[in-house]
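# Breakdown of the fold
This is what each chain is made of:
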Amino acid sequence: MQGRRIAKSDINFSAIEREFTRTYEDGAVEKVMTRVTIKKYFNNLIEQGLIKYCEIDGYYYLTILDKEMANLIEY
């Protein structure tokens, strides 16, 4: 399998925060996750080795896991 990558210049935590913001019918706005929290989770994934940055080409690479290593639903 080929890994996924994203350019460092495309990482925008404020844009991701807007995707995690809900606006209700009564006009109330709720931020499910702030940009600071999103950055914290992103950095945590880097520390765990699940995202790696390559300074040579300026891309972040997602680590490919074996299907036995991770589950979306508890096994």
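Quick note: structure is the one above.
## A look at the pattern of salt bridges
If you walk through the whole model with that rule in mind, you get two salt bridges. For Glu-17, the salt bridge goes to Lys-31, with nearest N and O atoms at 3.4 Å. Of the two residues, Glu-17 sits in helix H1 (residues 13–19) while Lys-31 sits in strand S3 (residues 29–31), which places them 14 residues apart along the sequence. Judged by relative accessible area, which is 12%, Glu-17 ranks as buried.

## With respect to helix H2 (residues 35–47)
Given a rise of 1.5 Å per residue, 13 residues ought to cover 18 Å, and the 18 Å separating the end C-alpha atoms of H2 matches this to within 8%. Looking one or two residues beyond H2, the residue adopting positive phi is Gly-49, at roughly 85°.

## Some remarks on the environment of Arg-35
Within the element layout of this structure, Arg-35 appears in helix H2. For Arg-35, a relative accessible area of 44% translates into the label partly exposed. Considering only alpha carbons, one finds Arg-35 and Ser-14, 21 residues apart in sequence, at a separation of 5.5 Å. Leaving out residues up to four positions away in the same chain, Arg-35 has contacts with Phe-13, Ser-14 and Glu-17.

What counts as what
Residues numbered from 1 in each chain as written. Predicted model: local features only at pLDDT ≥ 70, side-chain atom pairs only at ≥ 80, totals over all residues. Heavy atoms only, no water. Salt bridge = Lys/Arg side-chain N within 4 Å of Asp/Glu carboxyl O. Helix = DSSP H or I, 4+ residues; strand = E, 2+ residues; numbered from the N terminus. Buried < 20%, exposed > 50% of the residue type's maximum accessible area, 1.4 Å probe, protein only. Expected span 1.5 Å × (residues − 1). Contact = heavy atoms within 4.5 Å.

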